[in-house]
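Structural features, examined
Letter by letter, the chains look like this.
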2 protein chains.
Amino acid sequence: MTLTTRTIAAPVVPTSGALRPLGIDEVQITGGFWHDRQQVNGEATLAHIEHWLEKEGWLANFDRVAAGSTDTEGRRGREFSDSEIYKYLEAVAWEIGRVGDSVRSAELETRFRAVVDRVAAAQDADGYLNTRFGHAGQQPRWSELEWGHELYCLGHLFQAAVARERTAPGADDGLLGIARRAADLIVDAFGADGIQSFCGHPEVEVGLAELGRVTGDRSYLELSALFVERRGHQTLKDIEFGRAYFQDDIPVRDATVLRGHAVRANYLAAGAVDIAVENSDAGLVDALKKQWQRTVDRRTYVTGGQGSHHQDEAFGEDWELPSDRAYSETCAGIASIMFSWRLLLEGNDARYADLIERTLFNVVATSPSAAGTAFFYANTLHQRTPGEAGSPDEISPRALSSVRAPWFEVSCCPPNVARTFASLAAYVATVDGSGLQLHQFAPATINTVLGDGRRVAVEVETDYPRSGRVVVRVVEAPADEMSLSLRVPSWAAGATLLVGGSSREVAPGYATETRVFSAGDVIELNLPMRARFTRPDSRIDAIRGSVAVERGPEVFALESSGMEGLGSNEEEFSRIEIDDRVQPAETGRVGEADAGARLTVSLRVVPESTEGWPYAPELRAAEDASEDADEDAATFTAELLPYHSWGNRGTSTMRIWLPTVGA
Amino acid sequence: MTLTTRTIAAPVVPTSGALRPLGIDEVQITGGFWHDRQQVNGEATLAHIEHWLEKEGWLANFDRVAAGSTDTEGRRGREFSDSEIYKYLEAVAWEIGRVGDSVRSAELETRFRAVVDRVAAAQDADGYLNTRFGHAGQQPRWSELEWGHELYCLGHLFQAAVARERTAPGADDGLLGIARRAADLIVDAFGADGIQSFCGHPEVEVGLAELGRVTGDRSYLELSALFVERRGHQTLKDIEFGRAYFQDDIPVRDATVLRGHAVRANYLAAGAVDIAVENSDAGLVDALKKQWQRTVDRRTYVTGGQGSHHQDEAFGEDWELPSDRAYSETCAGIASIMFSWRLLLEGNDARYADLIERTLFNVVATSPSAAGTAFFYANTLHQRTPGEAGSPDEISPRALSSVRAPWFEVSCCPPNVARTFASLAAYVATVDGSGLQLHQFAPATINTVLGDGRRVAVEVETDYPRSGRVVVRVVEAPADEMSLSLRVPSWAAGATLLVGGSSREVAPGYATETRVFSAGDVIELNLPMRARFTRPDSRIDAIRGSVAVERGPEVFALESSGMEGLGSNEEEFSRIEIDDRVQPAETGRVGEADAGARLTVSLRVVPESTEGWPYAPELRAAEDASEDADEDAATFTAELLPYHSWGNRGTSTMRIWLPTVGA
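Residues numbered from 1 in each chain as written. Chains lettered and ligands numbered in written order. Predicted model: local features only at pLDDT ≥ 70, side-chain atom pairs only at ≥ 80, totals over all residues. Heavy atoms only, no water.

The name recorded for chain A in an unreviewed UniProt entry is Glycoside hydrolase family 127 protein, from Agreia pratensis.

Here's what the structure looks like:
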């Protein structure tokens, strides 16, 4: 098979599959919710990240290797800090591609090349590249595969080089050459006759797959396949958290659900899809789809967040999803999107796009502050006490849940968010032989060719998620029949599609209009955006008797800051109940444009219960009073805000799941 | 003030307080639930522990120091492994005291002295004693107070020496001398003019306090007070978990609740009570009582277990008590008993004895296997999947919750259980100037003198907790009036006291009979042992809509192993609901005598719900079917067993909190 995907400016470009991804030169997000975030990302976050990479000395680690001064004690950062530089480079590459020719692009280009030069100088003659291993005074190469992260770092290097080559083909900065020399080295070192092991943290699998796709070098794909197949046979040393932590407990094709470290599990699954697709391995694809489904059905928060354990940043058992201390690492959300996106390209099933949307709005968008210079590492669903306010100049030693921090000792999340936002246009739409599919809703221009070579161009107009109206205007269409497909999210029962003056109800999945289109034709999707109560499966014990409030793709939250009077203090906040007989009312926007919708709900604060032992023969507190709610507890209204915007008004308590009156 | 408490054979002997503790020479447990455990502890657990201390090389660490071979890499175990040897010595000392003159006692004596000799040989000339620090090739003394555990280890040494001196006064084994030399050294090193810091893990505070009490040397108490007062001022370095982890966030007397690492928090609080009592510091006592109360009201599981976080073995916020992954470390339960017991002695309030009983039956008794050779480190309240069966010969790298392990890399729990069981008689009863108080119910002989010197002897007959009948028979009584007080647990509303043929209802607290007693007089307490449903405070979100079943002091659990047919597989087990309109029925004993009561409850398995995204507008699974329960789900009965005996029938799923039908 020939690899012919080098020129599509997208992070994932399989050589086969149901759908072809579009490059960020084919799709531009032109306004709205995601464009705002792309702008903040490009204008604030990227510089913020580079500042911290310098400040913490993680960039200087490369200079030390170049200078041969590795035998001192001076290296800074954790063993995987190189990867943050590579994710930063990947983000900048996408950003340069996104903004196109401009002053800002030129400035980014200068910064990009300067960093690449420092990376290049640290590469050994044989291609080895790592600032923590393999040099004088350091541990030998590949001597600590469980925790060393050498291959993990290279995976991110490869993704950066791929992003660069796809957005600036043939650029003379040298990054692709660096990546290829490193990749050739590990093909030798870990190939069929090499070290029969793999990296404790999956990532090189996706990196190698895409590097193979962009260069046409199959040896990279073959090594990626070896890494996927080797895992699961108890090759790595056992560790405190068990081998499931790095998915070395069960072979990928035998597993039934994601488990262990949630980022690792999803990165691995994403790489396995790449390999399965390239090798036409239907059995492996099927196994991965089943794992995806059970993970979504039983191990995913309502936000799309994954991973309930702090200790090992890991998935819990099925139904083990307490809101308390929900970990829901930002990077796990991004990794889940990587996995889902690959399955979407392979199989064209709206459920993958549904989860991507849910995770984008409620995990990825939640992480950065409005200014784009502080981040949630973990994304809890229930904050019981306001955290300590952090300092914008201080690194956070821990993944505080209540306060966004500018940087972390483990700082994977900020550059991961940055590369995701910079490349986000690539996740909006796809094409196949007969038409165009719109998966995510944002104001956009799309200008591409279908799988059979016919040109098509459309404009998307929408202020989604403010409203559910999505207008697709045809700018250029082939002379003959084609299809336009718009995703109808699973929550959007009752959605309608308006074409040529006639409206029809469309079911969740894809609403497809197939006809001869002309320039100026309009398709209008209307999604019902009425706020809704959501109730959990009874097997999720920790949220029994509670509801969440959702509107469109956004999960809403109750936050104490901004509440006044009843319910606003921590003590009262713990005794709030919602009257779910009263439908949430939309109260319009408050404050800045970006703050999103506000929903007014009917609450009460349960009268203070008796203190003392909290386990009694009779119900206490809330339940005590439930039959006399009107007498004992005043009902009041309060506003919920989109979860992704919580924590922007100072430290606060917060909860997504609200106990219902008398539950 | 004179310290005059050296001769009471009990772990805690304050010089003042409302109640005087009784030594294990004054109280013997003669049969029943706790005697069985004491026997297993003495006959199996102690030898098991010594075996592992040798096998893992933790005892040999002392030999290495004695031989001056510390500059090699050979030391085994974690930095606190010395403490396990000291806890073992403490347990053996109590056990020798418990069994009295006998062949077994002589054998224990030999083993005890052999270990003491090895410890003695490792002590430096100036009294310093630690196998991990302070010698050639090791880090210097006191160079890592956050994590080094040097003072922590000495605290356990002091408790061991105290146990020995109180059970074998003046013994020539040398242990007390070792302890005093080490204590004198740290009085110099950390005294008022010494290092202005303290140990990351509290424990030396209680050790020093008791060593002061047993030797009459006030400098030990004064150093203990310094350690208590120094903590809370951010002296130790900040760590990933924050300074609350080792209680260096808030001074002890300013804190309002226990927080951070649950063992550390309780050990510190126990030491602070000791200091407060010795210094007549009513303000400190009051602060500690308030901390105890809020911790019990808001941060304690129904089992008495404390600490909900795995990551930092720490308390959660108020009401953060998910059954999922409840950590509830065995040692935290023991530490909580240490704290409660000191408050009981100080203030004579039944609530402290109530929590001790709850924690003994449902945390401490849960840890060891029936054979006494495997232990739960953590005590989860909800086991969703059966764990892997462990090996009896294999150390556990992790605190598995579903399987008891023979030993751990951090193996604090087994010797902590052992010393608690061996000294348990000391927690049964107390005296004051006017009478005797019975706090825990077990067949026992008590032979002591009241605070005013009058002799009293009683026998306690009971098969508690099988029945609630507790008979106290007077064997010897003073000629004039005295009081006999029996605790009435808080759950025992409707209890009656039968004296001289007349019965009266007695309220929770203490039922006291004051009169002139004669030999042969009998008081009979009857506690209502009907099984009861217990419901949680609504602020504990994670168990809303569920009930627990309790009977007497025992919390019951549903375990899948032993269930047959409906509900016994993991998938069905996750869909079980209880019909709480049907009172649990006692079905008598099954199997071995010690297995405890069985309670039959009415359950149903909710019909399998639709798979797919588990958050929907309508209730799913359980709730879907609740109105048609009779049609959709067959009701069946199953037996609950005491939580402390779960996990003895093979790997299993288990839950304490059971969702109620239609909740």
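Now, onward.
If you tally the helices and strands in chain A, you get 16 helices and 23 strands. For 663 residues, the compact-globule estimate of 2.2 N^0.38 gives 26 Å, and chain A sits close to it at 25 Å. A principal-axis box enclosing the C-alpha atoms of chain A has dimensions of 80 × 65 × 50 Å. The contacts of chain A with a sequence gap of at least 6 include a subset with a gap of at least 24, amounting to 68%. (Helix = DSSP H or I, 4+ residues; strand = E, 2+ residues; numbered from the N terminus. Rg over C-alpha atoms; globule rule 2.2 N^0.38 Å. Contact = heavy atoms within 4.5 Å.)

Each copy of the sequence occupies a distinct position, and chain A is placed on chain B by a rotation of 180 degrees and an axial shift of 0.1 Å, giving an RMSD of 0.0 Å. Viewed as a symmetry operation, the transformation between the two copies matches a two-fold axis. Taken as a fraction of all interface residues of chain A, those also at the interface in chain B reach 100%, which identifies the copy contact as same-surface. (Least-squares fit on C-alpha atoms with pLDDT ≥ 70 in both.)

This part covers the sheet that holds strand β9 (residues 482-488) of chain A. Residue and element names in this part refer to chain A. Reading across the sheet, the 5 strands line up as β1-β4-β5-β9-β12 and stay open at both edges, with mixed pairing between neighbours. A single partner strand is all that each edge strand has here, and the edge strands are β1 (20-21) and β12 (509-515). Strands β1, β4 (429-431) and β12 of the sheet are contacted by helix α11 (residues 330-347), whose axis makes an angle of about 30 degrees with β4. Contacting β9 and β12, helix α12 (residues 350-364) runs over the sheet at an angle of about 50 degrees to β9. (Pairing = 2+ DSSP bridges. Axes fitted to C-alpha atoms, helices over the stretch in contact; angles between N-to-C directions.)

Bringing the interface of chain A and chain B into the picture now. Taken together, the contact pairs 68 residues of chain A with 68 residues of chain B. Buried area between chain A and chain B, summed over both chains or domains, comes out near 5500 Å², and the portion from carbon and sulfur atoms is 48%. Interface area lost by chain A to chain B is led by R544, W613 and Y615 of chain A, which between them contribute 15%. Counting the contacts that link chain A with chain B gives 10 salt bridges. The shortest N-O distance in the salt bridge between E611 of chain B and R298 of chain A comes to 3.1 Å. (Buried area = accessible area lost by both parts, 1.4 Å probe. Salt bridge = Lys/Arg side-chain N within 4 Å of Asp/Glu carboxyl O.)

Next up on the list: the side chain of H439 of chain B. All names here are of chain B. By secondary structure assignment, the location of H439 is in the loop between β5 (435-438) and β6 (444-449). A distance of 2.7 Å separates polar atoms of two side chains, one belonging to H439 and the other to T430. Within the structure, the side chain of H439 is placed 2.7 Å from the side chain of Y510, a separation counted as a polar contact. If near-sequence neighbours (up to four positions away) are discounted, H439 is found in contact with L19, W341, L344, A353, Y427, V428, A429, T430, R487 and Y510. (Polar contact = N/O pair within 3.5 Å; in protein donor to acceptor, adjacent residues only side chain to side chain.)

Along an α-helix, residues three or four apart share an orientation, since each turn contains 3.6 residues. Residues and elements named next belong to chain B. The end-to-end C-alpha separation of helix α1 (residues 32-55) is 33 Å, in line with the 34 Å expected for 24 residues at 1.5 Å each. Maximum bend of α1: about 45 degrees, positioned at N41. Following α1 by one or two positions, G57 adopts a phi angle in the positive range, close to 80 degrees. (Expected span 1.5 Å × (residues − 1). Bend = angle between axes of the 7 residues up to and from the residue.)

All names here are of chain A. Considering the arrangement of structural elements, one finds R75 in the loop between α2 (60-66) and α3 (81-99). Under the relative-accessibility criterion, R75 is labelled buried at 16%. As for R75 and L527, which are separated by 452 residues in sequence, their C-alpha atoms are 53 Å apart. Residues within four places of R75 in sequence aside, it is in contact with N61, R64, S81, D82, T131 and R132. Engagement of the side chain of R75 in a polar contact is seen with the side chain of S81, the distance being 2.9 Å. Separated by 3.0 Å, the side chains of R75 and T131 make a polar contact. (Buried < 20%, exposed > 50% of the residue type's maximum accessible area, 1.4 Å probe, protein only.)

The next thing to look at is helix α9 (residues 262-278) of chain A. All names here are of chain A. In a regular helix each residue adds 1.5 Å, so 17 residues correspond to 24 Å; α9 covers 25 Å between its end C-alpha atoms and thus fits that length. For α9, the buried fraction is high: 17 of the 17 residues fall into the buried class. Just downstream of α9 lies S280, where phi reads positive at about 50 degrees.

To continue, consider the state of the cysteines. By definition, a disulfide links the sulfur atoms of two cysteines through a covalent bond. Residue and element names in this part refer to chain B. In the structure shown here, the tally under the stated rule is 0 disulfides over all chains. Free of any disulfide, C153 has its nearest neighbouring cysteine sulfur in C199, separated by 7.9 Å. For C153, a relative accessible area of 0% puts it in the buried group. The thiol of C331 is not disulfide-bonded; the next cysteine sulfur, from C413, is found 3.4 Å away. (Disulfide = S-S within 2.5 Å.)

Residue and element names in this part refer to chain A. As summarised here, the arrangement of the 7 strands in space is β2-β6-β7-β8-β13-β10-β11, forming an open sheet in which the pairing is antiparallel. Because the sheet does not close on itself, it has two edges, and the strands there are β2 (27-29) and β11 (502-505). Each neighbouring strand pair of the sheet contributes to a mean axis angle of 15 degrees, computed without reference to strand direction.

A few words now on the packing of aromatic side chains. Residue and element names in this part refer to chain A. Under the counting rule described, the total for this entry stands at 46 aromatic pairs over all chains. Arranged with centres 4.9 Å apart and planes meeting at 55 degrees, the rings of W34 and F361 form a pair that is tilted. Of this pair, W34 sits in helix α1 (residues 32-55) while F361 sits in helix α12; the two residues are 327 residues apart in sequence, bridging distant segments of the chain. Per residue, the accessibility class of W34 equals that of F361, and both read buried. With 5.0 Å between their ring centres and 65 degrees between their planes, W341 and Y427 make a pair best called edge-to-face. Highlighted residues: W341 in helix α11 and Y427 in the loop between α13 (413-422) and β4, separated in sequence by 86 residues. Taking the relative accessible area as the measure of exposure, Y427 reaches 8% and is therefore buried. One aromatic cluster is present, built from ring pairs that chain together F33, W34, F361, F421, F441 and Y464. (Phe/Tyr/Trp six-rings, centres within 6.5 Å; stacked < 30°, edge-to-face > 60°.)

Now for the domain arrangement of chain A. All names here are of chain A. When cut into domains, chain A gives domain 1 (31-427), domain 2 (429-526) and domain 3 (532-659). For domain 1 and domain 3, the distance between their C-alpha centres works out to 35 Å. The interface of domain 1 with domain 3 comprises 34 residues on the first partner and 25 residues on the second. Carbon and sulfur atoms supply 56% of the area buried between domain 1 and domain 3, which totals about 2500 Å² over both sides. Where domain 1 packs against domain 3, one counts 1 salt bridge. Residue assignment for the side of domain 1 that touches domain 3 shows that the elements contributing at least two residues are α1, α12 and β3 (382-383). Ranked by residues supplied to the side of domain 1 that touches domain 3, first place goes to α12 with 4 residues. Across the side of domain 1 that touches domain 3, the residue classes tally to 13 nonpolar, 13 polar and 8 charged. (Domains from an automatic or database assignment. Nonpolar A, V, L, I, M, F, W, Y, C, P; charged D, E, K, R; others polar.)

Both trends apply: most residues other than glycine have a negative phi, and most peptide bonds are in trans. All names here are of chain A. In this model, Y464 is joined to P465 through a cis peptide bond whose omega is 5 degrees. Here P465 is to be found in the loop between β7 (455-462) and β8 (469-476). A positive phi is found at Q234, a non-glycine position, where the angle reads about 55 degrees. With respect to the helices and strands, the residue Q234 is situated in the loop between α8 (218-230) and α9. Overall, Q234 belongs to the partly exposed group, its relative accessible area being 42%.

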